[in-house]
Amino acid sequence: MVAPLPNPIARVALDTPLDSLFDYLAPEATADDIGRRVEVPFGHRRQVGVLLELVDRSDLPAAALKPLGPIDRTTPPLPEEVLHLARFAAGYYHHPLGSVLAGLLPPALRRAESSRRTPPPTAWRLTEEGQSALAQLPARATAKRALAERLTQGPLAHADASDRERPLLRDWLAKGWVVVLAPEDGPADLPSVPGPALNAQQQAVLDAFRAGPAGFAPWLLHGVTGSGKTEIYLNLVADALTQGRQALVLVPEIHLTPQLTERFARRFPGRRLIGLHSGLNDGERRAAWLDALAGRADIVLGTRLAVFTPLPRLGLIVVDEEHDGAYKQMEGMRYSARDVAVWRGRQRDVPVLLGSATPSLESWRNAKAGRYRLLSLTRRANAQARLPRVDLVDSRTDRPKLGLSQRLVEALTERLERAEQSLVFINRRGYAPTLLCNGCGHVFPCPRCSAHLILHRHSGGYRLLCHHCGLTARPPDACPQCGGLDLRAAGQGTQRVEETLVERFPEARILRIDRDTAGRKGAFAAMREQVEARQVDILVGTQIVAKGHDFPHLTLVGVIGADQALISPDFRATERLFAQLMQVAGRAGRAERPGEVLIQTGYPGHPLYQALARHDYPGFADATLKERRGADAPPFVSQALLRVDAGSEEAALGFLLAAREAGTSLDPGVLLFDPVPALLARVANRHRYQLLLQCPARARLRAFLSAWMTRLAALPARGLRWSLDVDPVDY
Ligand code: ADP
Ligand code: ZN
């Protein structure tokens with residue numbers, strides 16, 4: 001027994017830019033309160049923090065200490081493993097611990113006086129009465145039937161019911177057709193539903209995994225699109241559940257969660273599955289998070305923020321589409337959820353499986369170097385489905401008219417005749433990327449950013465819109481430069497391609513899916529349903545449609561405007577382009593009918609396109625890694641980027657010069673480049689500069705950064721904002 005402290009002082013982590021703990025008098029606190037949320041007076045406000053330590057003395061004079069506010073003992077404390085993970089992330093990314101902890105709490109638990117309202121139902125279960133009543137629904141009640149169908153598969157998480165379905169569920173609750181699964185209900189002991197018999201490759205992958213270490217091991221599953229990676233995840237999750245463990249499954253996109261959640265729910269009807277993503281409202285997120293914390297949830301499926309979910313019985317981590325840029329948080333603590341997942345696996349001694357058709361070069365190299373165990377699926381799982389045929393359409397000879405080559409138009413016509421679906425992929429939203437004066441060549445810059453304004457079409461006509469700061473303007477009637485009246489839209493955006501297709505194929509049903517049409521909650525899901533119900537002939541879309549969706553009737557993908565990425569100054573642009581085109585090509589021919597992919601390009605001989613046409617990810621990856629090695633670029637070196645933005649260029653540059661000076665004597669093994677303007681040098685009238693650091697050894701860079709950050713904190717920084725990005729992916 002440890003003797004009680006005479007006058008305990010609580011050390012609390014608070015969400016402030018200061019990287020320190022704050023001391024409060026806490027006569028009532030005990031060791032059991034460590035990890036609990038507490039309310040404290042801070043400045044003129046009250047804040048919620050996390051109690052991390054109890055000590056018997058403070059460096060502050062006793063008179064300066066304020067008493068601790070209420071300790072929340074109604075929810076379990078954050079377990080040591082999560083505190084440990086948070087400390088690790090704070091240390092690696094050089095971010096204040098209090099801010100890391102605040103970021104991993106659901107917003108509802110972050111606020112002072114966190115409401116004690118009863119949380120919404122977590123899940124719904126069909127009663128026997130409901131089962132017979134709902135079986136008699138008339139055929140035309142499609143929405144109700146669809147919902148009933150999902151419920152017969154097993155409990156439906158409230159978070160996974162759409163806004164339209166929730167009132168129905170409440171209505172059925174009143175009729176006794178469904179019941180609410182209270183959090184304290186244990187999962188019903190329903191057996192998992194068997195999946196399809198695995199093919200030989202899948203079985204080999206599963207056997208290899210099962211023969212591997214029971215504890216921590218990082219695995220990379222490289223499987224072509226449609227090769228049955230998800231089936232592997234389902235089998236491994238089943239293994240973990242059988243052992244009484246929890247599984248954490250990460251997906252890059254919120255849009256991907258409903259489809260996948262449904263697949264998991266169907267397979268494991270008796271298990272508690274929770275979805276965690278930013279689309280949930282505060283109450284739902286809190287309920288889901290608390291389920292995980294209490295060990296009630298068996299499977300947590302979520303986007304990057306879910307990587308920090310407390311999981312007392314964790315047994316497996318899966319990161320699907322591990323290459324995806326969405327795993328990188330771009331503000332606040334700039335962490336990579338994929339990397340955090342690997343650390344967490346190590347810390348918890350559980351296996352981590354990273355899966356992708358186009359692994360990141362970091363992971364590919366780790367696999368090649370033997371640090372990750374490589375598993376491969378080289379064929380599509382469905383015996384009838386083949387990888388699509390990829391053809392390059394030479395836009396120098398088949399010159400596109402308004403974006404569309406003759407070859408693509410013919411292919412689209414064929415699909416319409418055969419009642420199959422097509423996708424025209426162009427990764428640029430809006431009408432046209434620029435408005436151009438045909439007289440003098442003037443284009444219209446954003447007055448606040450170093451970028452062109454994008455032409456958008458609205459109900460009433462056209463608008464110019466800045467994609468960086470949101471500025472909108474009416475297009476002028478005459479060129480401000482030469483007075484000329486011949487102003488033209490130059491280039492293609494999704495809206496313009498849609499317009500061209502509507503004119504070209506007046507009888508076709510055309511649907512545009514980009515951030516402007518699919519941004520609203522639920523809009524994307526509704527569009528996907530339309531496509532699945534074959535109410536759409538031609539889809540026009542950006543990368544939103546490229547990722548992981550299964551559209552069985554889609555047999556043609558046309559790619560427009562991809563060449564742009566080949567000339568990007570960002571050295572990762574080709575890696576991203578390859579992944580994106582592989583993904584989008586993977587949408588074609590998922591079922592019996594063969595798929596065709598047409599890529600319009602002015603450089604059909606480019607090695608990237610050639611590798612793509614061969615479906616040769618390893619070839620592309622190995623060649624690109626060789627280039628990176630020659631250029632001393634990641635993943636052969638570790639990097640960090642110090643970014644700053646300020647009202648003037650002088651202020652931004654001045655700070656970075658001082659920062660560079662502060663770092664020069666620290667470690668000659670760390671290379672500090674000259675400060676340069678960011679690729680996007682000005683946004684909303686803030687000037688953005690950056691300083692790149694690089695070192696072959698990660699640990700050495702990390703030690704350097706720790707020492708350097710202390711010095712940076714002491715530099716004058718009035719009127720500017722700076723942040724450190726460890727392992728940056730955009731520049
Ligand atoms: P991926 O995750 O690699 O894209 P999926 O696991 O989604 O692949 O599988 C692609 C399609 O093939 C899905 O429709 C899935 O149901 C089906 N499938 C997967 N494995 C098998 C199998 N062993 N036998 C038959 N169909 C399978
Ligand atoms: Zn702007």
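Right above here is the structure, for reference.
This report concerns the structure included in the present document. (Residues numbered from 1 in each chain as written. Chains lettered and ligands numbered in written order. Predicted model: local features only at pLDDT ≥ 70, side-chain atom pairs only at ≥ 80, totals over all residues. Heavy atoms only, no water.)

**Overview of the coordination of the zinc ion (ligand 2)**
In the first shell of the zinc ion (ligand 2), the protein supplies C446 (SG), C449 (SG), C466 (SG) and C469 (SG), at 2.3 Å from the metal. For the zinc ion (ligand 2), all donor residues lie on one chain, and their spacing in sequence is C-x2-C-x16-C-x2-C. A residue is classified by how much of its surface remains accessible, and C466, at 2% relative accessible area, is buried. (Donors = N, O, S within 2.8 Å, 3.2 Å for Na, K, Ca; no water. Buried < 20%, exposed > 50% of the residue type's maximum accessible area, 1.4 Å probe, protein only.)

**Quick word on the pairing of strand β14 (residues 352-356)**
Burial analysis of β14 places five of its five residues in the buried class, the great majority of the element. Every second residue of β14 is oriented toward a common face, with V352, L354 and S356 on one face and L353 and G355 on the other, all of them buried. As defined by bridge partners, strand β9 (residues 218-223) adjoins β14 across five bridges and the pair is classed as parallel. By the bridge assignment, L221 is partnered in β14 with G355. Inspection of the sheet shows strand β13 (residues 314-319) paired to β14 by three bridges, in the parallel sense. In the strand pairing of β14, V319 is matched with L354. Once the chain exits β13 it traverses helix α10 (residues 337-348) before rejoining the sheet at β14, and the crossover so formed is right-handed. (Helix = DSSP H or I, 4+ residues; strand = E, 2+ residues; numbered from the N terminus. Pairing = 2+ DSSP bridges. Right-handed = clockwise from strand over helix to strand, strands pointing away.)

**Re the site of ligand 1**
Contacts to ligand 1 come from 16 residues, most closely from A197, Q202, K229, T230 and R263. The backbone of G226 places a nitrogen or oxygen atom 3.1 Å from an oxygen atom of ligand 1. Between E231 and ligand 1, the recorded distance is 3.3 Å, taken from a backbone N or O atom to an oxygen atom. For ligand 1, whose accessible area on its own is 560 Å², the fraction buried by protein is 76%. Per-element accounting of the shell around ligand 1 gives the leading share, three residues, to helix α7 (residues 229-242). Class assignment of the residues belonging to the shell around ligand 1 gives a composition of five nonpolar, six polar and five charged. (Near = heavy atom within 4 Å. Polar contact = N/O pair within 3.5 Å; in protein donor to acceptor, adjacent residues only side chain to side chain. Areas by Shrake-Rupley, 256 points an atom, 1.4 Å probe, with all protein chains shown as cover. Nonpolar A, V, L, I, M, F, W, Y, C, P; charged D, E, K, R; others polar.)

**Overview of the pattern of salt bridges**
Scanning the entire structure with this criterion turns up 55 salt bridges. Salt-bridge contacts for R87 lead to E80; the nearest nitrogen and oxygen are separated by 3.6 Å. Note that R272 and D291 form a salt bridge whose closest N and O atoms lie 3.6 Å from each other. Of this pair, R272 sits in the loop between α8 (257-267) and β11 (273-276) while D291 sits in helix α9 (residues 282-293), and the two are 19 residues apart along the sequence. Each of the two residues, R272 as well as D291, counts as buried. Each member of the salt-bridge network shares a partner with another, and the members are R389, D391, R407, E414, R415, R418, E420, R593 and E596. (Salt bridge = Lys/Arg side-chain N within 4 Å of Asp/Glu carboxyl O.)

**Looking at the side chain of R150**
Topologically, R150 is positioned in helix α4 (residues 142-152). A distance of 2.8 Å separates a polar atom in the side chain of R150 from the backbone oxygen of D160. Look past the residues within four positions of R150 in its chain and what remains in contact with it is L156, D160, E165 and E262. (Contact = heavy atoms within 4.5 Å.)

**Side note on α4**
Every buried residue of α4 is listed here: L147, A148, R150 and L151. Projected onto a plane normal to the axis of α4, the buried residues spread over an arc of 160° and lie on a single side. G154 lies just past α4 and shows a positive phi near 140°. (Arc of directions from axis to C-beta.)

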